[in-house]
Amino acid sequence: MCALLAADRKELTCPVCLEIFQNPKVVPKCGHSLCSTCEVRISVEDPIQKKKTLSCPVCLAAVELNIDEYLPVNWIVKDLPTTYNHHRGGSPKKPKHSLKCSSCNAPLSQKNTFDCEFCAELDQNIEVLICATCVFDYHKEHINSVQRVRFADAAYKMGKIGGISRDAEELGRKKASTLMELDVFFGQLEQYCERVKSRLEKLGGKGPMTQKVVDKEVEELMKDYGVIKRVAS
């Protein structure tokens, strides 16, 4: 088993940072992989030609891309680190309410956490959270896209969702009094309330949440709320 795990780790290790893959990308010419942040680190940009080049860190295969283009995601490898960690640690552990740096996997402190918007757009995520050390170790090439994270406390969450809940309740009472299109309205209102309940439970959880994530949840709530308002109008 130890030999198998050692072999697995070798296959899942980025040849640039020598860590388990984080958001692995694949070099089309040769099929070798590397982390998305490492792709940025080894790319050489030519602003005049609007091109960038990089060499595969394993076989040195040359790749030329447009300056705003990136290597494709290696979907085959992407979920394998989770499987490796499962076998390495035995039975899965209960998740802890903690955040970890996406670059070095170290626990993050709410007082010293940063978000790299460049990498978030690259990985198609809401945010990419990193520690202060990794800001300069892995993200200095696009440091202008790095911002300190503001976490959402209970007051921030309630300020975002309290008005929506009260307005929805008032809207329901108003519509009920008119006795118009009740079946359609309350059918949609019930679906809306279920989604609201689910999102409120998520927002009210004990785990740390950044303001950006809370804003995204509220944005989804407002989409449902817009449907209800159109029905009620």
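Residues numbered from 1 in each chain as written. Predicted model: local features only at pLDDT ≥ 70, side-chain atom pairs only at ≥ 80, totals over all residues. Heavy atoms only, no water.

### Some details on the overall build of the chain
Here is the rule we go by: Secondary structure elements follow DSSP: runs of H or I no shorter than four residues count as helices, runs of E no shorter than two count as strands, and numbering proceeds from the N terminus. For every residue, the accessible area (1.4 Å probe, protein chains only) is compared with the maximum for its type, and the residue is labelled buried under 20%, exposed over 50%, or partly exposed between those bounds. By the convention used here, residues are in contact when the closest approach between their heavy atoms is within 4.5 Å.
A count of helices and strands for the chain gives 9 helices and 8 strands. A buried classification covers 35% of the 233 residues belonging to the chain. Long-range pairs, those at least 24 residues apart, make up 57% of the contacts in the chain with a sequence separation of at least 6.

### With respect to the sheet that holds strand E5 (residues 62-66)
To keep it simple, the criterion reads: Pairs of strands are assigned from DSSP output, requiring at least two bridges between the strands. As a rule, the C-alpha atoms of each element are fitted with a line to give its axis, helices using only the stretch in contact, and angles between N-to-C directions run from 0 to 180 degrees.
Overall, antiparallel pairing links the 3 strands, which are arranged E3-E4-E5 in an open sheet. Unpaired on one side and paired on the other, strand E3 (44-46) and E5 mark the two borders of the sheet. Averaged over all neighbouring strand pairs, the angle between strand axes comes to 25 degrees, with direction disregarded. Pairing analysis gives 3 bridges linking E3 to strand E4 (residues 51-55), with the strands arranged antiparallel. The residue of E4 that forms the bridge with valine 44 is threonine 53.

### Quick notes on the packing of aromatic side chains
Note the threshold: Centres within 6.5 Å make a pair out of two Phe, Tyr or Trp rings, where for Trp the six-membered ring is used; the pair is then stacked when the planes are under 30 degrees apart, edge-to-face when over 60, and tilted otherwise.
Enumeration according to the criterion identifies 1 aromatic pair in this entry. Relative to phenylalanine 118, the ring of tyrosine 70 lies with its centre 6.0 Å away and its plane at 75 degrees, an arrangement referred to as edge-to-face. Placement of tyrosine 70 in the loop between E5 and helix H3 (75-78) and of phenylalanine 118 in helix H5 (residues 117-123) is noted, with a sequence separation of 48 residues between them. What makes phenylalanine 118 partly exposed here is its relative accessible area of 23%.

### Some remarks on the sheet that holds strand E7 (residues 129-131)
Whenever strands of a sheet pair, they do so through backbone hydrogen bonds, lying parallel or antiparallel. Overall, antiparallel pairing links the 3 strands, which are arranged E7-E6-E8 in an open sheet. The open sheet terminates on both sides in strands that have one partner only, identified here as E7 and strand E8 (146-148). Averaged over all pairs of adjacent strands, the angle between strand axes in this sheet comes to 40 degrees, irrespective of strand direction. Two elements, strand E6 (residues 113-116) and E8, share 3 bridges in a ladder whose sense is antiparallel. Counted as the bridge partner of aspartate 115 is glutamine 147 from E8.

### Some points on the pattern of salt bridges
Filter applied, for reference: When a carboxyl oxygen of Asp or Glu is within 4 Å of a side-chain nitrogen of Lys or Arg, the pair counts as a salt bridge.
Across all of its chains, the model carries 3 salt bridges by this definition. In this structure, the salt-bridge partner of lysine 212 is aspartate 115, at a minimum N-O distance of 2.4 Å. Placement of the pair is lysine 212 in helix H9 (residues 211-232) and aspartate 115 in strand E6, with a sequence separation of 97 residues. A relative accessible area of 5% places aspartate 115 in the buried class. By sharing partners, the salt bridges in this structure join Asp115, Glu117 and Lys212 into a single network.

### Focus on the pairing of E4
Of the two faces of E4, the one holding Lys52 and Leu54 is buried and the one holding Lys51, Thr53 and Ser55 is not buried anywhere. In this antiparallel pair of consecutive strands, E3 and E4, the connection spans 4 residues, and lysine 50 shows a positive phi of 55 degrees. When E4 meets E5, the two strands line up antiparallel, connected through 5 bridges. Looking at E5, one finds that lysine 52 is bridged to leucine 65.

### Quick notes on the confidence of the model for the chain
How we decide: A score between 0 and 100, pLDDT records how confident the predictor is in each residue.
A residue-level look at the chain finds 66% of positions with pLDDT of 70 or above and a mean pLDDT of 75. Low pLDDT (under 50) marks residues 1-7, which in the prediction has 3 contacts with non-local residues, meaning those over four places away or in another chain. Under a pLDDT of 50 for its full length, residues 90-97 has, in the predicted model, 4 contacts with residues more than four places off or in other chains.

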